[in-house]
Amino acid sequence: MSEYILEVNNVSKIIYTDKCKKSKGVSDKPQGTSRILDNVSFTLERGKITAIVGKSGSGKSTLLSIVSGIDAPTTGNVKLIGENYYKLSKRKKAEFRNRNIGILFQNYHLIPELTCEENIRMPLCFSSDSNDNPRIDEWMNAVGLYDKKKLFPRQLSGGEQQRTAILRALVNKPQILFADEPTGALDSKTGRQIMEFLVAYTHRSNMTIVLVTHDMEIAGMCDRQIELADGSVVG
Amino acid sequence: MDGKRMSKNSVLTKITLFLKLYRGKKAENIILLLLYTLLSSAISMVLLVQENNSVLIADGISKGGFSETEKMSMLYDSTENILGIIVVITLFAGVAGVMCLIHFRNHELMKSMVILRTYGMNEKDILYKALADALIYGIISCFFGYVIGYGLFKGFSRDILGAGYIMGAVSGYSVLIFGKLLVFMPVLIILCNLYTDLAIVNRPIVEVLYERNAEISRRRLNGRTDDEGKLAKYIIDSRYAAIALCVFIMLYAFAAFHIDGAAFKALMIMAAFIFAFSYILFKLFFRLFVDRVRNNKALHTLRDITRCFMCARKRRDILLACVISMGTVLICIVSNIRFNISGILRSAYQDNMGYSILVRCDDYEDRVNVREALKEMKIGYTSAYSKLMDYSDLAGIEEPDDGGKFWALVIDEGTDDNTHFRVPEHGVVVESYFAGRCGLMEQGGSYGDIQGNQKYNVQANNGQISDEYFNSEQGNNRQKKSEQGQSEQMNIEQDIKLFGGHISSWQLSDTDQYLSLVNYNVMINYNDWKLGIDEEWSPIFLIDASKLQEKMIADAVSDYDCHIESASGLIDEISQLMKDYMRIIAVTAATLILVISSVFYTLIRKDLISRRTELYMYRVFGATGSQADMVVFGEYIIIALVSSVVVTVAVLIIGELYFYYGLHKHFPFSVPILLITAGTAMIFIFVCCKAAGFISRKGAGVQVIRDE
């Protein structure tokens, strides 16, 4: 097994503007295109927390989308846990995501039709290994959600929603967790609590976390920082 | 073993999860269940009516013989054909409506589905979701729909047929009919779900979660990653489901309902024409027009904003246009039958038969007086003689085993140049039944075949003319379409004697005579055959006259010993039968109108809710509530207007072709009724818009504009 849990090699992302829609194929000319990421390369070690930082529009979220497998790069490749993710078949990708990846969104993206507990258990439904995680109640208790497990997302506070989203991301015991501004919608105190929980869990379980933030205090709690500017790694 | 159990549990858990997604969609699911039930009840009712009629006619044949039942079976056959066609259109429109609602219900779950996908859901799971939907909603609706359908069938049968209205054998068929229903509904629900969900599940995740145009950027990746192929696949997958649905409905309709093959084929051609017509209009004209106006015209009024939104939601607009088109087609046909059946039948009778009044003189000598009276009124006629003859009178033909008599009609002179009564020199036109009995030819299937499938073979007897003869070049050259238009005739050389005369060429006709007042079996040219007309023959005058002239003729011949038979009586009889059937058809049509109303109401309401912020913005910047609503309503009304007008014109043109070439008959639609139908469709949409707008405003809660 590779010593790196994530290897990003020469990843570029080009977005085509509307003016370019009518042309066929990839235009050689840069007109009508916008290069969001430009030959980004880095590697991440297992069990570490890495923050991707940068100004608005620097490409942080796009990079996270690409490394977490929800958006394809225009060029370059991404190796996740030794697998060239974008070469996998559709079915394998789904299975890989379910087994190895946890994703946290800034706006939580909880499923409004499911209760707090059902949201947390949801990834287990698509797991081929096991249909249960006996520690769910314990975890919910630990983060203060046990009493609210029958409530729907709209009945929860922002912090509770994010904690639900975290437990949902962790329920399949992923090897790597991707978080897009996990504390962006929370106040600083709740944000810090969320981060402390994640750091503690990472150290206990040897999980890797990649998070995007523009909050330097949050970035300071991480083991490593990758700084992006205009789509390129600058630090 | 454990693995299998685990897998089963996993599937069940997934199904439970999918069903939980519907928690927030109770209203939509109730409406959908109602629609499924209405559709099921309409299908089961029609299936039961048709099955009962078949059993009724078969029973009549076994008891009363073929000739007694022939007329009834022909009439039922025609009405069932119309009922079958209407139910097929209802199916298409109902399915389009159901598809619309499923599409919008599932579309609202798009974000949830994408999150599920992020956590490992794949395409196979979509099938589980569709199966869960089908198993629960499909089976419940089948059960309730069948119960309602059976109740309606019993009620209508009691009213129309009276005592002994339900044949015992139908009870045996009930299980089979329920089975047919049980096949249709779940498959329909699965395919409708797949159509929407396949498109949703394969949509790029970032596009949904981050609202970024990932699709376009991926399309540029042609050849660089494997996602391009998969993107193309998602588009095709979704279309596959739609195509599969159309094919399934067509096959099901053909297999389950009693529809004449030619009528069904013509219906499909008509549907294809309407589809092509609408497609061309929307694609080439409408969209280009809207794009052009949008590009060249600045925004000045709220109407300009509506124009900007036109055709922006392609899938929705296509579905809407389909629902409106199908609904309009159905209403066009139903309203023509309901309000103009006598007019249609009379025109059809005159066009297809060539006459509408038959004057039969009981006294041979009165023929001169009647002729004079008609000449005085300047009414053209075709003169003939009729006689009930024994089969034994036929020379050269082996007498049928059961003997019997037949009606012969001898044409005297064709004074009104009516092409319907032209018989070629040395020719004879015989009814297929007669020809079959006399061994001149044989019908495909038994004579009791109530479907009326008449396929002619020349029986191998004296002339020994085989099928191969017809297929040969020589045979084909000898087959020709008759001048009479409606009769497909065959010119066959045969060494045979009829009425003592030698026939070198004779004609066989498959003209449907069940509507005829004459019911002749042999029609021959008097001058050629010299049969010796005497007092035993009844003089007959065949007159093509209007309803007004009918009364004049009746008055003119009232002094003589004559009987008048007019098409009016027969038309009234058919019209009455149609009106009885209309109640069944009306229930089917009402089902459809309910489906369409629900679809539109739900759709417009949802649109108003989802665009509430946009509407508030218009109001913030000075529009009144109704003006803001009209921006949204305008889209629906324009789509409705274009669809209904296009479809009405298409029905008018293609309907003519359909009846003429599909049914070999002519049933002209009433233009005013069609125009009123098109207008009604638009008003209907407008009312739906207003109702949805009213309810939406009522339930809007806190208003942004507080001084209102």
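Reading guide: rules and limits
Residues numbered from 1 in each chain as written. Chains lettered and ligands numbered in written order. Predicted model: local features only at pLDDT ≥ 70, side-chain atom pairs only at ≥ 80, totals over all residues. Heavy atoms only, no water. Helix = DSSP H or I, 4+ residues; strand = E, 2+ residues; numbered from the N terminus. Contact = heavy atoms within 4.5 Å. Areas by Shrake-Rupley, 256 points an atom, 1.4 Å probe, with all protein chains shown as cover. Buried < 20%, exposed > 50% of the residue type's maximum accessible area, 1.4 Å probe, protein only. Pairing = 2+ DSSP bridges. Arc of directions from axis to C-beta. Axes fitted to C-alpha atoms, helices over the stretch in contact; angles between N-to-C directions. Parallel < 35°, antiparallel > 145°, perpendicular 65-115°, else oblique. Left-handed = near helix turned anticlockwise from the far one by under 90°. Nonpolar A, V, L, I, M, F, W, Y, C, P; charged D, E, K, R; others polar. Core = buried A, V, L, I, M, F, W, Y, C linked by side-chain atoms within 4.5 Å. Patch = residues over 30% accessible without salt bridge, like charges linked within 9 Å, V, L, I, M, F, W, Y side chains within 5 Å. Salt bridge = Lys/Arg side-chain N within 4 Å of Asp/Glu carboxyl O. Lys, Arg positive; Asp, Glu negative; His and termini not counted. Charge placed at Lys NZ, Arg CZ, Asp CG, Glu CD. pLDDT = per-residue confidence, 0-100. Phe/Tyr/Trp six-rings, centres within 6.5 Å; stacked < 30°, edge-to-face > 60°.

Novice: Which parts of the structure should I look at to understand the overall build of chain B?
Specialist: Scanning chain B for helices and strands turns up 22 helices and 12 strands. Pairs at least 24 residues apart make up 80% of the contacts formed inside chain B by residues separated by at least 6 positions. On chain B, roughly 31300 Å² of surface is accessible, and the fraction owed to carbon and sulfur atoms is 59%.

Novice: Sorry if this is basic, but what is going on with the pairing of strand 2 (residues 382-390) of chain B here?
Specialist: Along a regular strand, successive side chains alternate from one face of the sheet to the other. Residues and elements named next belong to chain B. Here strand 2 lies mainly inside the structure; 7 of its 9 residues are buried. Relative to strand 11 (residues 538-543), strand 2 runs antiparallel, the two being bridged by 5 bridges. Bridging across to strand 11, Ser386 finds its partner in Ser538.

Novice: How do you make sense of helix 13 (residues 366-376) of chain B when you look at a structure like this?
Specialist: Residue and element names in this part refer to chain B. Listing the buried residues of helix 13 in full gives Asp366, Arg367, Val370, Arg371, Ala373 and Leu374. Take helix 13 and look down its axis: the buried residues cluster within an arc of 165°, on one side only. Away from its buried face by more than 90 degrees, helix 13 exposes Lys375 and Glu376. Trailing helix 13 by a residue or two, Lys378 shows a phi angle of about 55°, which is positive.

Novice: Help me out: how do you make sense of the packing of helix 3 (residues 116-125) of chain A against helix 5 (residues 158-170) of chain A in this one?
Specialist: What describes two packed helices is the angle between their axes and the distance between those same axes. All names here are of chain A. Viewed as axis vectors pointing N to C, helix 3 and helix 5 meet at an angle of 25°, and their least axial separation amounts to 7 Å. Viewed along their axes, helix 3 and helix 5 adopt a mutual orientation that is roughly parallel. Seen along the crossing, helix 3 lies across helix 5 with a hand that is right-handed. Facing Cys116, Asn119, Ile120, Met122 and Pro123 of helix 3, the residues of helix 5 in contact are Thr164, Leu167 and Arg168. Residues that form the contact of helix 3 with helix 5 fall into these classes: 5 nonpolar, 2 polar and 1 charged.

Novice: For this particular structure, what's the right way to read unusual backbone geometry?
Specialist: Most peptide bonds take the trans configuration, and most residues that are not glycine carry a negative phi. Of note, the phi angle at A:Tyr108 is positive, near 70°, even though the residue is not glycine. Within the element layout of this structure, A:Tyr108 appears in the loop between strand 6 (101-104) and helix 3.

Novice: Can you walk me through the nonpolar core in this structure?
Specialist: Taken as a class, soluble globular proteins show a tendency for nonpolar side chains to be buried jointly. Counting 207 residues, the largest nonpolar core has A:Leu6, B:Leu116, B:Phe184 and B:Phe257 as its most contacted members. Top element by residues in this core is helix 19 (residues 567-610) of chain B. It accounts for 18 residues. Every residue in contact with A:Leu6, bar those within four places of it in the chain, is listed here: A:Phe42, A:Thr43, A:Leu44, A:Val67, A:Val78, A:Lys79, A:Leu80, A:Ile176, A:Phe178 and A:Val210. Core analysis: the next-biggest nonpolar cluster, separate from the first, contains 13 residues, B:Cys361, B:Leu374, B:Ala545 and B:Val557 among them.

Novice: Any chance you could explain a negative patch on the surface here in plain terms?
Specialist: A cluster of acidic residues, B:Asp362, B:Asp363, B:Glu365, B:Asp534, B:Glu535 and B:Asp561, forms a negative patch on the protein surface. When you line up the elements, B:Asp363 lands in the loop between strand 1 (357-361) and helix 13.

Novice: Which parts of the structure should I look at to understand the sheet that holds strand 7 (residues 176-180) of chain A?
Specialist: Strand pairing in a sheet takes place through backbone hydrogen bonds and is either antiparallel or parallel in direction. Residue and element names in this part refer to chain A. The strand order across the open sheet built from 6 strands is 6-7-8-3-9-10, with neighbouring strands paired in mixed fashion. Across the chains shown, the open sheet's two edge strands, defined by having one partner strand only, are strand 6 and strand 10 (232-233). In the sheet, strand 7 pairs with strand 8 (residues 208-212) via 5 bridges, with the strands oriented parallel. The partner of Ala179 across the bridge, within strand 8, is Leu211. Running at roughly 155° to strand 8, helix 6 (residues 188-205) makes contact with strand 3 (49-54), strand 6, strand 7 and strand 8 of the sheet.

Novice: Sorry if this is basic, but what is going on with the pattern of salt bridges here?
Specialist: Between side chains of opposite charge, a pair can form as their charged atoms come close. Residue and element names in this part refer to chain A. In this structure the tally under the stated criterion is 16 salt bridges over all chains. Across the pair Glu117 and Lys150 runs a salt bridge, and its minimum N-O distance is 3.6 Å. A residue pair is termed long-range when its members are at least 10 positions apart, and Glu117 in helix 3 and Lys150 in the loop between helix 4 (136-142) and helix 5 qualify at 33 residues. What makes Glu117 buried here is its relative accessible area of 13%.

Novice: Can you walk me through the confidence of the model for chain A in this structure?
Specialist: Should pLDDT be low for a region, the predicted coordinates there are not to be read in detail. Taken as a whole, chain A shows an average pLDDT of 83; of its residues, 89% reach a score of 70 or greater. With pLDDT under 50 throughout, residues 19-30 of chain A is counted as low confidence; its partners more than four residues away or in other chains account for 11 contacts.

Novice: What should I look at first to understand the packing of aromatic side chains in this one?
Specialist: Each aromatic ring pair is specified by the distance between its two centres and by the angle formed by the two planes. Residue and element names in this part refer to chain B. Taken as a whole and assessed by the stated rule, the structure comprises 13 aromatic pairs over all chains. Plain terms: the ring middles of Phe184 and Tyr252 are 4.6 Å apart, the flat faces sit at 35° to each other, and that makes the pair tilted. Here Phe184 is found in helix 6 (residues 168-201), whereas its partner Tyr252 is found in helix 9 (residues 227-256), with 68 residues between them in sequence. Looking at Tyr252, the relative accessible area reads 8%, which means it is buried.

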